[in-house]
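Here's the letter readout for the chains.
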Amino acid sequence: MNNLCDNILDYINGHLNTDEKEQFEKHLEEHPACREEYESLVTLMSELPYHSPPIKPSEGMKERILANVLRRSSTLGQVNTENNEEIPSKQAPPVETVKMKKWYQRGVVAGTLVALLFLSLATNVYLLSPGQTDTTFQANNVVSLQASEGFSGEGQASFVQTDSNQSLLVLANNLEPLAGEEVYQVWLLNDGAPSPAGSFKPDETGAGAVVFHPMPDGEVDWDAVAITKEPQPGNQTPEGDILLQNTF
Amino acid sequence: MRDESALEKLYDQYERLLYSFAFRITKSKALSEEVLQEVFIKLWEGRAVYCKSKGSFSSWLLTVTRFTAIDLLRKNMKQVPTEDYVFENSPSEENIERDVEWRETGSQLWNAVGTLSDEQKEIVELFYYQGLTQRKIAEVCSMPLGTVKGRLRLALNHLKKALDNERGVRG
């Protein structure tokens with residue numbers, strides 16, 4: 001048996017990375033026996049839901065769900081959770097990328113801002129630093145990023161509004177080291193369509209950060225943020241699996 | 001243009017099946033409701049788009065429900081207490097045809113699953129209903145990864161054959 005046949009179940013459950021997935025799909029085309037087993041297993045998977053005992057829906061569930069779907073259709077959700085869902089590309093906006101250390105070296109204001117934002121001490125951060133006038137930063141939608149299974153990293157993201165500009169701030173830690181040209185890439189999503197929003201390499205402690213400024217289009221209602229590991233910087237569409245994500 | 005009445009019709013048609021399947025995975029009514037809401041948000045927003053190449057609509061919708069339930073289960077694993085099953089024996093009046101298919105396929109599946117060993121049932125549960133990677137299953141079951149891969153495929157192929165036999169006997 002070809003070793004690639006062993007990937008059949010991880011393929012079905014969506015657990016292969018992009019390269020492994022492509023390799024396995026090529027394998028399926030070339031090995032009829034594996035293709036037959038795959039189709040047989042997919043058929044079984046489509047029938048197993050009927051092995052569920054009928055459960056009576058909760059009182060008023062229909063009204064709640066339909067009202068919520070129509071009223072706030074983007075408050076829940078996952079980024080690209082289904083297999084085989086294509087993600088359309090978008091024009092790349094300008095990106096400012098910084099490493100964690102450089103970020104902190106920018107000074108008291110930036111460092112304090114990040115610390116306050118991601119400790120979620122306040123949604124309105126009032127900063128005063130020597131030689132500067134008072135500046136108010138409003139942090140909108142501070143979200144903790146959810147790690148995919150098997151990934152131990154953590155992260156937080158937030159939009160920061162000053163008087164005239166909006167930026168995206170992303171901090172991550174406990175990240176796995178990268179190899180070669182690999183980078184961690186931040187994506188902003190609107191209706192499932194990703195736009196690149198900066199990439200970074202973690203420092204020796206596994207921490208990294210991105211400030212994405214200015215935002216490409218103030219009118220876009222970004223509904224999610226995600227981080228992938230990409231084989232090289234500059235990708236306009238994701239090649240790697242999502243490692244951290246959440247909706248705003 | 002999105003049609004609210006079509007959304008409601010679709011909801012009525014699949015509510016009980018999707019909710020029961022979500023409950024089978026999450027073992028929580030609250031989380032199952034969240035799963036259904038998320039599934040219908042995806043449909044409404046066009047984030048989950050069906051095309052014929054993905055098989056029948058109901059199979060595809062159940063797959064979307066499965067991945068959504070597993071995702072939400074994983075996120076809420078520490079907070080959600082499991083609840084006992086609450087069976088509903090009376091069929092719904094609106095979807096007699098779907099209920100018949102459910103009961104018939106379900107009955108065949110119960111018999112086929114009954115031919116699996118306890119170990120095979122557990123490994124299928126972890127793979128299918130909890131969506132664990134084979135590597136994670138190996139950790140949970142304290143087995144070498146190669147053993148898990150072999151036993152899981154064997155269990156699923158055994159289940160498929162048992163289901164085919166069940167249909168052969170009945171057909």
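The structure displayed is predicted, hence computed values, not measured ones. (Residues numbered from 1 in each chain as written. Chains lettered and ligands numbered in written order. Predicted model: local features only at pLDDT ≥ 70, side-chain atom pairs only at ≥ 80, totals over all residues. Heavy atoms only, no water.)

Take the overall build of chain B next. Within chain B one finds seven helices and zero strands. Taken from the N to the C terminus, the helices and strands of chain B come in the order α-α-α-α-α-α-α. The buried share of chain B, taken over its 171 residues, is 51%. Sequence separation of at least 24 residues holds for 67% of the intrachain contacts in chain B that already meet a minimum separation of 6. Of the accessible surface of chain B, which amounts to about 8,600 Å², a share of 51% is contributed by carbon and sulfur atoms. (Helix = DSSP H or I, 4+ residues; strand = E, 2+ residues; numbered from the N terminus. Buried < 20%, exposed > 50% of the residue type's maximum accessible area, 1.4 Å probe, protein only. Contact = heavy atoms within 4.5 Å. Areas by Shrake-Rupley, 256 points an atom, 1.4 Å probe, with all protein chains shown as cover.)

This next bit is on the interface of chain A and chain B. Accessible area lost when the parts come together is the quantity often used to give the size of an interface. At the interface, 50 residues of chain A touch 67 residues of chain B. The largest share of the area that chain A buries against chain B comes from Y50, H51 and I55 of chain A, three residues that together contribute 15% of it. On the surface where chain A and chain B come into contact, there are six salt bridges. Between E47 of chain A and R167 of chain B there is a salt bridge; the shortest N-O distance is 2.5 Å. Counting the contacts that link chain A with chain B gives 17 residue pairs in polar contact (both at pLDDT 80 or more). Those elements that provide at least two residues to the side of chain A that touches chain B are α1 (8-12), α3 (32-47) and α4 (61-71) of chain A. Class assignment for the residues of the side of chain A that touches chain B results in 21 nonpolar, 17 polar and twelve charged. (Buried area = accessible area lost by both parts, 1.4 Å probe. Salt bridge = Lys/Arg side-chain N within 4 Å of Asp/Glu carboxyl O. Polar contact = N/O pair within 3.5 Å; in protein donor to acceptor, adjacent residues only side chain to side chain. Nonpolar A, V, L, I, M, F, W, Y, C, P; charged D, E, K, R; others polar.)

Quick look at the confidence of the model for chain A now. Summing up the model confidence of chain A, the mean pLDDT is 71 and the portion of residues at 70 or higher is 66%. For residues 73-137 of chain A, every residue scores under 50 in pLDDT, and the model assigns this stretch 147 contacts once sequence neighbours within four places are set aside. (pLDDT = per-residue confidence, 0-100.)

For the rest of this paragraph, the subject is the packing of aromatic side chains. If you walk through the whole model with that rule in mind, you get ten aromatic pairs over all chains. An angle of 40° between the planes, with centres 4.9 Å apart, marks the rings of Y11 of chain A and F24 of chain A as tilted. Placement of Y11 of chain A in helix α1 and of F24 of chain A in helix α2 (residues 18-30) is noted, with a sequence separation of 13 residues between them. When the centroid spacing of 5.7 Å and the interplanar angle of 40° are considered together, the rings of F57 of chain B and W60 of chain B count as tilted. (Phe/Tyr/Trp six-rings, centres within 6.5 Å; stacked < 30°, edge-to-face > 60°.)

Glancing now at a negative patch on the surface. Residues and elements named next belong to chain A. There is a patch of like negative charges on the surface, built from D19, E20, E22, E239 and D241. Mapped onto the fold, D19 is located in helix α2. By relative accessible area, D19 is classed as exposed at 55%. (Patch = residues over 30% accessible without salt bridge, like charges linked within 9 Å, V, L, I, M, F, W, Y side chains within 5 Å. Lys, Arg positive; Asp, Glu negative; His and termini not counted. Charge placed at Lys NZ, Arg CZ, Asp CG, Glu CD.)

If you look at the biggest cluster of nonpolar residues, it comprises 70 residues, and the most contacted ones within it are I137 and L156 of chain B. With ten residues, helix α1 (residues 4-26) of chain B is the largest single contributor of residues to this core. The contacts of I137 of chain B, once residues within four sequence positions are left out, are I123, L126, F127, L132, V148 and L152 of chain B. Membership of the second largest hydrophobic core comes to 22 residues, among which are L145, V170, A172 and V210 of chain A. (Core = buried A, V, L, I, M, F, W, Y, C linked by side-chain atoms within 4.5 Å.)

Turning our attention to the pairing of strand β5 (residues 166-173) of chain A. Residue and element names in this part refer to chain A. Summarising burial for β5: six of the eight residues are buried, a large majority. Judged from the five bridges that link them, β5 and strand β8 (residues 208-212) form a sheet pairing that is antiparallel. Following the sheet pairing, L169 is matched in β8 by V211. (Pairing = 2+ DSSP bridges.)

Residues and elements named next belong to chain B. The end-to-end C-alpha distance of α1, which contains 23 residues, comes to just 28 Å, noticeably less than the 33 Å that a straight helix rising 1.5 Å per residue would cover. Where α1 bends most, at Y14, the angle is about 55°. Positive phi appears at K27, one or two residues downstream of α1, with a value of about 55°. (Expected span 1.5 Å × (residues − 1). Bend = angle between axes of the 7 residues up to and from the residue.)

It is worth spelling out the side chain of K62 of chain A at this point. By secondary structure assignment, the location of K62 of chain A is in helix α4. Side-chain polar atoms of K62 of chain A contact the side chain of D12 of chain B, separated by 2.9 Å.

Let's shift gears to the environment of F23 of chain B. Counting through the fold element by element, F23 of chain B comes out in helix α1. With twelve residues separating them along the chain, F23 of chain B and V35 of chain B place their C-alpha atoms 9.2 Å apart.

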